[in-house]
Amino acid sequence: MYKIENMRAERVEPVTFSAIEIKESEIEEILRRNIDMLCDDEESMIIVGQQVKNESNGRSDLTAIDNEGNIVLIEIKRDPRDIENRKEAFEFQAVRYAASYATIRDIESLVRKVYGPYIEKYRAEFEQMDLTSYELGLRRINEFLRANDAEKSFNKRQRIILAASDFDEQTLSAVAWLNSNGVDVSCYRLIPYKLDDKTYIRAERILPVATCDQYYVNLMDRSIPGRTKTDRQMTRRVLPRIDAMLEWGIVKEGDIIGAKDRKDEGILQNSGKVKVGEEVLSLQVWLKKVYGWSSVQTYAFAVHKATGKTLSQIREEYMTEQERKESSVEEQEEA
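Structural notes, computed from the coordinates. (Residues numbered from 1 in each chain as written. Predicted model: local features only at pLDDT ≥ 70, side-chain atom pairs only at ≥ 80, totals over all residues. Heavy atoms only, no water.)

Concerning the nonpolar core
Argument step 1. If you look at the biggest cluster of nonpolar residues, it comprises 79 residues, and the most contacted ones within it are Ile74, Leu110, Ile141 and Leu311.
Argument step 2. Here this core takes 7 residues from helix α4 (residues 107-121), the largest share from any one element.
Argument step 3. Each residue touching Leu110, except ones within four places of it in the same chain, is listed here: Val48, Ile65, Ile71, Tyr101, Ile104, Tyr115, Ile141 and Phe154. (Core = buried A, V, L, I, M, F, W, Y, C linked by side-chain atoms within 4.5 Å. Buried < 20%, exposed > 50% of the residue type's maximum accessible area, 1.4 Å probe, protein only. Helix = DSSP H or I, 4+ residues; strand = E, 2+ residues; numbered from the N terminus. Contact = heavy atoms within 4.5 Å.)

This is how it looks when you write it as structure tokens:
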């Protein structure tokens, strides 16, 4: 990272969390309140548990549900030294916790064992005070799964996210092996910087490793044999964002953006943010407030009022049309 001042670049070196006296529990709280640091605009997630104790007296740091209905275990270690000094390997501790969550068969069990106590602990963060923590937990999870069309896939699979300022080679090797054998584990590096008495954290996913295809500009890849128009998928990493959509002219400054299945609306700004009342917010921040989730699939839940389509539908239609035009040009050139 570089600090630019008077057209001069001054390199800002990363530090360690221990060096700036940030405790592991503080990193956990930062992620609990801002789990979108480990997501992106294509993923919805709600935190449902913190420091949940299992039958072996182990405690998982954070527990969440994603938009596919998976239970997500988030395990945090401050610095590589904390990982190396553990009696049990970082990644295998997380696998053991994930295995314990695989035994949860229904939403009621998750709320009774995990989400209800979490709501009780952080009751001031929730509305609907007339409901018990159990009732509120059931309502929120069911609403979340229904909104994401994931009611039938609740906890069919479990995911693991490991977060630390860096990882030792043994951990990365083990995670790469687990991924190659069908276990969904991600490693996120949280890199702290200290600048002008302020702390900055850069979050980057280092595993699973992206393939070369994920960096191609042509999102609607036609080169894969056997792939049909209906089953093509645009890669999350390179999906166009709102700034590109504004540049292409498929949405415009002043357009009204609504929240899917809600009455909430905002006015799209040329910055890609929305003006809601007197506030100008990013789409992600605004939608998090609307739905009360920890992270929201921004483009799937932001609706372009004039067309009635989600931003996800608009950009996919645009990319599909661009692909059709490219195919037509290639066919003419070949002829």
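A short note on the pairing of strand β8 (residues 198-207)
Argument step 1. Examined bridge by bridge, strand β7 (residues 185-195) and β8 share 9 bridges and lie antiparallel to one another. Bridging from a neighbouring strand, Tyr188 pairs with Arg205 of β8.
Argument step 2. Between β7 and β8, which pair antiparallel in sequence order, lie 2 residues; one of them, Asp196, sits at a positive phi of approximately 55 degrees. (Pairing = 2+ DSSP bridges.)

Notes on the pattern of salt bridges
Argument step 1. Applying the stated rule across the entire model yields 22 salt bridges.
Argument step 2. Close ionic contact of Lys288 with Asp36 constitutes a salt bridge, the shortest N to O distance being 2.9 Å. On the criterion of sequence distance, the pair formed by Lys288 in helix α8 (residues 283-291) and Asp36 in the loop between α1 (24-33) and β3 (45-53) is long-range, its members being 252 residues apart.
Argument step 3. Glu204 is the salt-bridge partner of Arg202, the closest N and O atoms lying 2.8 Å from each other.
Argument step 4. You can call Arg202 partly exposed: its relative accessible area is 39%.
Argument step 5. Linked through salt bridges whose partners overlap, the residues forming this network are Glu43, Asp66, Arg157, Arg159 and Asp184. (Salt bridge = Lys/Arg side-chain N within 4 Å of Asp/Glu carboxyl O.)

Describing the sheet that holds strand β6 (residues 158-164)
Argument step 1. One open sheet accounts for 6 strands, arranged β3-β4-β5-β6-β7-β8; its pairing is mixed. Pairing within the sheet leaves two strands with one partner each, and these edge strands are β3 and β8. Each strand of the sheet is rotated relative to its neighbour by a mean of 25 degrees, with strand direction disregarded.
Argument step 2. As defined by bridge partners, β3 adjoins strand β4 (residues 59-66) across 7 bridges and the pair is classed as antiparallel. Across the sheet, the residue bridging to Met45 is Asp66, located in β4.
Argument step 3. Helix α3 (residues 90-101) rests against β3, β4, β5 (71-76) and β6 of the sheet, and its axis sits at about 150 degrees to β5.
Argument step 4. Contacting β6, β7 and β8, helix α6 (residues 169-180) runs over the sheet at an angle of about 145 degrees to β7. (Axes fitted to C-alpha atoms, helices over the stretch in contact; angles between N-to-C directions.)

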